[in-house]
Amino acid sequence: MVSASGAKPRSGVYYFSQGWKLVREPGIKRFVLMPLLVNIILMGGAFWWLFTRLDVWVPTLLSYVPEWLQWLSYLIWPLAVISILLVFGYLFSTIANWIAAPFNGLLAEQLEARLTGATPPDTGMLGIMKDVPRIMKREWQKLSWYLPRALVLLVLYFIPGIGQTVAPVLWFLFSAWMLAIQYCDYPFDNHKVPFKEMRISLREKKVINMQFGSLVSLFTLIPFLNLVIMPVAVCGATAMWVDCYRPKHAMWK
């Protein structure tokens, strides 16, 4: 169990590990069910289809490698596979989070209440239904911020040499940051903290958030573990919110 609000911030690795513990807490499991089902159905089906297409997509990506880099093919091939997994994993993770956003918000709210002893303003299905328009607007804000930056990185993949060496590294770092934003946003949004203000707060503790987002990104690539990563990441991000951000931004205490 994480400490109460106002505790000294830990590392992103710590909060990620806390997510695995908190997701099994008595009284929290029932709020994990819907995000878990959405992730299993969508990510499970998506990655099954992806693995049937890798033998076509990897050679296509490698066809952009210039002749003078062919001697590095033994290194570029795994980078090409990782690139496809990263792009595909983040894409379907984003779709899954759109669908599960109201339930992820409820999970973050209930876990925060359990960790702090605070009473949230609304609970249950009625609270979810009332908040759906605002939650969907917030998801659109995240997508609008993400898409232009993602498109620039995707263009890099088609530049010979750079696309097979530098672009995968940049995409991983970008995905790590975006996943930190995605999951930390649930507790921030529960307290009506504006999206821009939330991003500024996360940048103030960028190392912690990059550590957390990197681990979420890595586990999104691992078969079977990626099926349960969504509720785990919500719980870990909520634990981080309680320790690092709640004292300054909490609307209800």
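See the structure printed just above.
Nothing here was measured: the structure is a model prediction, and the numbers come from that model. (Residues numbered from 1 in each chain as written. Predicted model: local features only at pLDDT ≥ 70, side-chain atom pairs only at ≥ 80, totals over all residues. Heavy atoms only, no water.)

Caption draft 1: Highlighting unusual backbone geometry. The phi dihedral of Lys192 falls on the positive side, at around 60°, and the residue is not glycine. Looking at the element boundaries, Lys192 is found in the loop between helix H5 (162–190) and helix H6 (195–204). Residue Lys192 is classed as partly exposed on the basis of its relative accessible area of 39%. (Helix = DSSP H or I, 4+ residues; strand = E, 2+ residues; numbered from the N terminus. Buried < 20%, exposed > 50% of the residue type's maximum accessible area, 1.4 Å probe, protein only.)

Caption draft 2: Examining the nonpolar core more closely. Ranked by size, the top nonpolar core spans 60 residues in total, and within it Tyr183 and Phe212 carry the most contacts. For this core, the secondary-structure elements that each account for two or more residues are helix H1 (12–22), helix H2 (29–62), helix H3 (73–116), helix H4 (124–156), H5, H6, helix H7 (206–220) and helix H8 (229–249). For this core, the leading source of residues is H8, giving 13 residues. One finds Met43, Phe47, Leu50 and Phe92 within the second-largest nonpolar core, a separate group that totals seven residues. (Core = buried A, V, L, I, M, F, W, Y, C linked by side-chain atoms within 4.5 Å.)

Caption draft 3: View of the packing of aromatic side chains. Applying the stated criterion across every chain yields a total of ten aromatic pairs. With centroids separated by 5.2 Å and ring planes inclined at 75°, the aromatic side chains of Tyr14 and Tyr15 adopt a geometry described as edge-to-face. Ring geometry for Phe16 versus Trp20: centroids 6.2 Å apart, planes at 80°, classification edge-to-face. In this pair, Phe16 and Trp20 are both assigned in helix H1, four residues apart and thus about one turn of the helix distant. Overall, Phe16 belongs to the buried group, its relative accessible area being 5%. An aromatic cluster is present here, built from Phe16, Trp20, Phe212 and Phe219 joined pairwise through their rings. Looking at Arg149, its charged tip hangs above the ring of Trp145, at a distance of 4.1 Å from the centre. Over the ring of Trp177 we find Lys206, and its NZ or CZ is 5.1 Å from the ring centre. (Phe/Tyr/Trp six-rings, centres within 6.5 Å; stacked < 30°, edge-to-face > 60°. Lys NZ or Arg CZ within 6 Å of the ring centre and 35° of its normal.)

Caption draft 4: Fine view of H8. Given a rise of 1.5 Å per residue, 21 residues ought to cover 30 Å, yet the end C-alpha atoms of H8 are separated by just 26 Å, more than 12% below that figure. At Asp243, H8 shows its maximal kink, close to 50°; a proline, Pro247, follows between one and four residues later. Most of H8 is tucked away: 19 of the 21 residues are buried. (Expected span 1.5 Å × (residues − 1). Bend = angle between axes of the 7 residues up to and from the residue.)

Caption draft 5: Spotlight on the side chain of Ser201. Its place among the elements puts Ser201 in helix H6. When its relative accessible area of 3% is taken as the criterion, Ser201 is described as buried. Contacts of Ser201, omitting those with residues within four sequence positions, involve Phe188, Tyr245 and His249. (Contact = heavy atoms within 4.5 Å.)

Caption draft 6: View of the pattern of salt bridges. Per the stated rule, a full pass over the model turns up seven salt bridges. Ionic pairing is found between Glu25 and Arg114, a salt bridge with its closest N-O pair at 3.3 Å. Highlighted residues: Glu25 in the loop between H1 and H2 and Arg114 in helix H3, separated in sequence by 89 residues. On the basis of relative accessible area, Glu25 is assigned to the buried category, the value being 17%. Notably, a salt bridge pairs Lys142 with Asp185, separated by 3.1 Å at the nearest N-O pair. Placement of the pair is Lys142 in helix H4 and Asp185 in helix H5, with a sequence separation of 43 residues. What you see here is one network of salt bridges that share partners, running through Arg134, Arg138, Glu139, Lys142, Asp185 and Asp189. (Salt bridge = Lys/Arg side-chain N within 4 Å of Asp/Glu carboxyl O.)

Caption draft 7: Expanded view of the environment of Val242. Residue placement: Val242 occurs in helix H8. Put simply, Val242 and Leu111 are 131 residues apart on the chain and 9.8 Å apart in space, counted from C-alpha to C-alpha.

Caption draft 8: Structural view of H7. Between its terminal C-alpha atoms H7 stretches 20 Å, which fits the 21 Å expected from 15 residues at 1.5 Å a residue. For H7, the full list of buried residues reads Ile208, Asn209, Met210, Phe212, Gly213, Ser214, Leu215, Val216, Ser217 and Thr220.

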